[in-house]
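Residues per chain, in single letters:
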Amino acid sequence: MNKELLEKYIVGETNELETAMIQNWLEEDAKNKEEYIKMKNMWDSLPKPLVVPDVDVDKAWADFKAVRDSRASDTVVISKKTASVIKWSWWLAASVLILCAVGFYVFDQSHREEMYLSSTGQVRQDSLPDGSVVTLNKNTELAYSSRWTNKNRNVALKKGEVFFQVHKDKKHPFVIETGKTKITVLGTSFNVRRISDATEVIVSTGLVKVGYANKEVFLRPQQMITIRDNDTLKVEKEPVKDQFYKYYVDRVFDFENTPLQRVVELLNRAYDYKIIIDHSSDQKLLLTAKFEQNSLTEILKVISSTFGLKVNVKDREIHLTR
């Protein structure tokens, strides 16, 4: 069981689905319950962090000026000495208030820890603090603050590819930053892939806003866009040519009259091999077959028997030949 998820459960921050998952895990094996109790006891023994209330500096200053002006409008005859003392007291109070607010802000910022979700040789599915579900393709790194602000939900895609299923929250936009691109959504599902110096965005459901170089593009389902970091002119969105961009999410390849060249492109990405079609005429062969979590060996056997091709393997290079 994911350690971060257990910690969320201990402090009461899991959603309905996560709570059910943990409770099922606890009931599966007595050892699971024993592990959970040890973690909870250790958590309970830790010193409790200081709870610092959120302070709106601008509002505090505005309230102070309103009260000050109200007092100043009262017609009261006082001595110059008394007036000087009162004026000094007001400024002292204001200074203390601002210093406290700034102190709270600095304390809060210093206690914001950057959290990471990463995957290496395996696809990983996890959830974010707001209940959004993310599926990380292999060799991917995603970062977010351990304490999201009350205005937005920000994550940063450092590298790789992620399929986002964002929990709907109209008041708090969900923002992904990667390269020089900013993607903003409210509640939808979409794929983001970081390719060298470019970002590819494909929308599955909902509406997505992609911002770059002071420009904005809105994408709807089955639309995509690829933006390079140095793009400053308008980049046109395109229709999604097929549904294979989600291959790592559902682990299914459903080929229907798919050119062999496209099949090979997808297999290279999915299995980290370099598959080469030796004869260019074979690239246009059309494959119709469905594979569900099959190994690369099994898929290549079907391809070779379907088209009468030979499979020659050398290190991590595979040749489909005659």
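All values derive from a computational prediction rather than experimental measurement.

A. The arrangement of the overall build of the protein chain in detail. Of the regular secondary structure elements, the protein chain holds eight helices and 18 strands. Scored against the burial criterion, the 322 residues of the protein chain give a buried share of 34%. When the accessible surface of the protein chain is totalled, it reaches about 20100 Å², and 53% of it is carbon and sulfur.

B. Just the nonpolar core, in detail. With 29 residues, the main nonpolar core has Phe-253, Phe-255, Leu-267, Ile-275, Leu-287, Ile-303 and Leu-320 as its most contacted residues. The set of elements that each furnish at least two residues to this core consists of helix H6 (247–250), strand S14 (252–259), helix H7 (260–271), strand S15 (274–277), strand S16 (286–292), helix H8 (296–307) and strand S18 (317–321). The greatest single-element share of this core, amounting to six residues, is contributed by H7. Those residues in contact with Leu-287, other than ones at most four positions away along the chain, are Phe-255, Glu-256, Asn-257, Thr-258, Val-263, Ile-303, Thr-306 and Phe-307. Within the second largest apolar cluster, 28 residues are counted, among which are Phe-190, Val-208, Val-210 and Ile-227.

C. A look at the pairing of S15. Going residue by residue along S15, you find Ile-275 and Ile-277 tucked away on one face and Lys-274 and Ile-276 left uncovered on the opposite face. Pairing analysis gives four bridges linking S15 to S18, with the strands arranged parallel. Each bridged residue has a counterpart across the sheet, and for Ile-275 the counterpart in S18 is Ile-318.

D. Highlighting unusual backbone geometry. Even without glycine at this site, Ala-213 takes up a positive phi of about 45°. Assignment of secondary structure puts Ala-213 in the loop between strand S10 (208–212) and strand S11 (215–219). Residue class for Ala-213 comes out partly exposed when judged on its relative accessible area of 35%. Notably, Asp-272 is not glycine yet its phi reads approximately 60°, a positive angle. Along the chain, Asp-272 turns up in the loop between H7 and S15.

E. Quick look at H7. With 12 residues, H7 ought to run about 16 Å at 1.5 Å a step, and its terminal C-alpha atoms sit 16 Å apart, in line with that. Regarding H7, the residues found buried are Leu-260, Arg-262, Val-263, Val-264, Leu-266, Leu-267 and Ala-270. Looking at the packing, one finds that the buried side of H7 touches H6, S14, S15, S16, H8 and S18. Phi turns positive one or two residues past the end of H7, at Asp-272, with a value near 60°.

F. Seen up close, the sheet that holds S18. Pairing within the open sheet is mixed, and its three strands lie in the order S15-S18-S17. The sheet is open, and its two borders are formed by S15 and strand S17 (310–314), each paired with just one other strand. Strand-to-strand twist in this sheet, taken as the mean axis angle between neighbours without regard to direction, amounts to 20°. As paired strands, S17 and S18 are joined by five bridges and run antiparallel to one another. Bridge assignment links Lys-310 to a residue of S18, and that residue is Thr-321.

Cut-off values and rules
Residues numbered from 1 in each chain as written. Predicted model: local features only at pLDDT ≥ 70, side-chain atom pairs only at ≥ 80, totals over all residues. Heavy atoms only, no water. Helix = DSSP H or I, 4+ residues; strand = E, 2+ residues; numbered from the N terminus. Buried < 20%, exposed > 50% of the residue type's maximum accessible area, 1.4 Å probe, protein only. Areas by Shrake-Rupley, 256 points an atom, 1.4 Å probe, with all protein chains shown as cover. Core = buried A, V, L, I, M, F, W, Y, C linked by side-chain atoms within 4.5 Å. Contact = heavy atoms within 4.5 Å. Pairing = 2+ DSSP bridges. Expected span 1.5 Å × (residues − 1). Axes fitted to C-alpha atoms, helices over the stretch in contact; angles between N-to-C directions.

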